[in-house]
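# Reading the structure
Chain by chain, the residues:
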Amino acid sequence: MSKVAKSLKMSREGFNGKKNKQGINYWRFFFNARTQESASEKTFFLDFEMLNPWVSPAETLLGFKPRISFTQEDLQYALAGTQSAKELKTENMVQPSYCAVHLGILGESSTVLSKYVCVKNLTFKNKPFEFNCPDFSFSDNKLQGSLSVSEAEKREHPEYLCNVGRCFWDLNYEILNESSQGYSKDGKKWFPSGLQSKFSGKLIFNDVEYLVDPRRSFGYVDRYIGNEFPSTWFHISSSNIKSIISGNQYFDSSVAIQGVFRNKLSLVSKLGELTLYMTADSKKYSSIFDCQQAPEPDEDGDSILHWSASFTNKIWVVDVDIFCKIKDLANRNFELPEGNRKVLNMLSSGSGYGEVKAFKKQKKNVLELVEHVNLSSVICEYGHTEDGSNE
């Protein structure tokens, strides 16, 4: 089986066949788009999520009604992993069971619209691969759909964790650089099936039309499948990469980092001619990492969040530093498969920036700098799973 065929097969995993009653199946798409009037770009995300879908196949069950405002206190909760969910209020304690589509914009004044359906509302096909609902469809190369959330729905269902609005999307995507490697152990699996992807088409979000230019989409696609989320979520990815050494823009390069798995991060990258994999289901490397607020603001006076990571094996040392304005972060809560109001509290941005340095080990503990790149349009995420309240 070819590498691409293996990746495609893995990207279809878990959507039909075994009727899972426990676990998360999460398919994510990121891309940039702009309006016709503006040259400025916004980062969009489109998620498809299956959470314990066969616990309640004919009825959607959401387990809590979470807070959706993002405050400085929320930032500290997410970074420290404290139990911010203890203040969530609910009418019933249930194990969640649903399929959901979320489409939103990352950045300052981030917004998200969501649609929840039961698994029996979906139809699956294998040749060609696609699954459909009356309001949306997903396949290996096309994404279509629409959804809306009214003021009345938001008042009646704060547990939907979304804003009021409506959207329509008609997108094509092509995977340029993929990987079936990432992590697969302990009932968890992550792989960047579209490590570098090209999106095209259009979407309308709250009556504003956005165009997706394949040359500037900087698309990314990945999959997470597991019996639970990692207790700490750490993610970095980008395909907007320029070499500091040569000054050349790398049009065929990409990097993705994901964790935390077994106290380690997974690195999957192609930087020019250099391809590096260090995945957490291997014992042949070590990694250290952190995410914290920078001690000083940036030149504009904005507070900054700093992601740092370092990977080391017998041959290579890879250092990563990514920064993001705190005002550009979105705060989202994801229900955990076990229910009981437990959540993954995640901070997300699509406007990160920073650098990657790759050193090759020489004799006598000498490091040779082989590659040094700048990253832009970086998707950067950090969060913790949190216990809910018994109140």
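Time to look at the overall build of the chain. If you tally the helices and strands in the chain, you get three helices and 25 strands. Every one of the 391 residues in the chain was classed for burial, and the buried ones make up 54%. Once local pairs closer than 6 in sequence are excluded, the contacts in the chain between residues at least 24 apart make up 66%. Only carbon and sulfur atoms are counted for the fraction: they give 47% of the accessible area of the chain, which is about 17400 Å².

Further remarks concern the pairing of strand β21 (residues 304–312). Judged by how many residues are buried, β21 sits mostly within the fold: seven of nine residues are covered. In the sheet, β21 pairs with strand β22 (residues 316–325) via nine bridges, with the strands oriented antiparallel. Bridge assignment links Thr312 to a residue of β22, and that residue is Val317. As consecutive antiparallel partners, β21 and β22 are separated by three residues.

Bringing the packing of aromatic side chains into the picture now. The description of two aromatic rings rests on the distance between their centres and on the angle between their planes. Throughout the structure, instances matching the rule amount to 33 aromatic pairs. Consider the rings of Phe48 and Phe131, whose centres lie 4.5 Å apart with planes at 45°: the pair is tilted. Residue Phe48 is found in strand β2 (residues 42–51), and its partner Phe131 is found in strand β6 (residues 129–133); the two are separated by 83 residues along the sequence. Judged by its relative accessible area of 0%, Phe48 is buried. With 4.1 Å between their ring centres and 5° between their planes, Tyr183 and Phe261 make a pair best called stacked. Linking Tyr183 in strand β10 (residues 183–185) with Phe261 in strand β17 (residues 254–261), this pair joins segments that are 78 residues apart in sequence. Phe261 matches Tyr183 in its accessibility class, with the two residues each being buried.

Following Gly259, the chain continues into Val260 via a peptide bond in cis, with omega recorded as 10°. Mapped onto the elements, Val260 comes out in strand β17. Phi is positive for Asp207, close to 70°, though the residue is something other than glycine. Among the structural elements, Asp207 can be located in the loop between β11 (188–205) and β12 (208–212). When its relative accessible area of 55% is taken as the criterion, Asp207 is described as exposed. Phi is positive for Ser377, close to 50°, though the residue is something other than glycine.

Bringing the side chain of Asn52 into the picture now. Following the sequence through the fold, Asn52 ends up in the loop between β2 and α2 (72–80). Separated by 3.0 Å, the side chain of Asn52 and the backbone oxygen of Pro96 make a polar contact.

So, about the pattern of salt bridges. Enumeration according to the criterion identifies 18 salt bridges in this entry. A salt bridge links Asp207 to Arg166; the nearest nitrogen and oxygen atoms lie 2.8 Å apart. With Asp207 in the loop between β11 and β12 and Arg166 in strand β9 (residues 165–177), the pair connects residues that are 41 residues apart, well separated along the chain. In this structure, the salt-bridge partner of Arg215 is Asp213, at a minimum N-O distance of 3.2 Å.

Here Phe191 lies in strand β11. What makes Phe191 buried here is its relative accessible area of 0%. Through-space distance from the C-alpha of Phe191 to that of Val221 is 9.1 Å; in sequence the pair is 30 residues apart.

Before going further, it helps to examine the environment of Glu386. Topologically, Glu386 is positioned in strand β25 (residues 367–386). In the structure, Glu386 is positioned 154 residues away from Thr232 in sequence and 9.8 Å away in space, judged by C-alpha atoms.

Once that is clear, we can look at the confidence of the model for the chain. Close inspection of predicted coordinates is inappropriate for parts of the model with low pLDDT. When the pLDDT values of the chain are averaged, the result is 89; 89% of them are 70 or greater. Within the chain, the lowest mean pLDDT, 58, falls on helix α1 (residues 3–11), and the highest, 98, falls on strand β14 (residues 232–238). In this model residues 85–92 is a low-confidence stretch, pLDDT under 50, and it forms 26 contacts with partners more than four residues away in sequence or in other chains.

On strand β8 (residues 142–149), burial follows the alternation: Leu143, Gly145, Leu147 and Val149 on one face are buried, whereas Lys142, Gln144, Ser146 and Ser148 on the facing-out side are not. Examined bridge by bridge, strand β7 (residues 136–139) and β8 share three bridges and lie antiparallel to one another. Among the inter-strand pairings, Phe136 is bridged to a residue of β8, identified as Gly145. Hairpin remark: β7 followed by β8, antiparallel, with two residues in the connecting loop. Sheet topology note: the β8/β9 ladder contains eight bridges and is antiparallel.

Cut-offs and rules
Residues numbered from 1 in each chain as written. Predicted model: local features only at pLDDT ≥ 70, side-chain atom pairs only at ≥ 80, totals over all residues. Heavy atoms only, no water. Helix = DSSP H or I, 4+ residues; strand = E, 2+ residues; numbered from the N terminus. Buried < 20%, exposed > 50% of the residue type's maximum accessible area, 1.4 Å probe, protein only. Contact = heavy atoms within 4.5 Å. Areas by Shrake-Rupley, 256 points an atom, 1.4 Å probe, with all protein chains shown as cover. Pairing = 2+ DSSP bridges. Phe/Tyr/Trp six-rings, centres within 6.5 Å; stacked < 30°, edge-to-face > 60°. Polar contact = N/O pair within 3.5 Å; in protein donor to acceptor, adjacent residues only side chain to side chain. Salt bridge = Lys/Arg side-chain N within 4 Å of Asp/Glu carboxyl O. pLDDT = per-residue confidence, 0-100.

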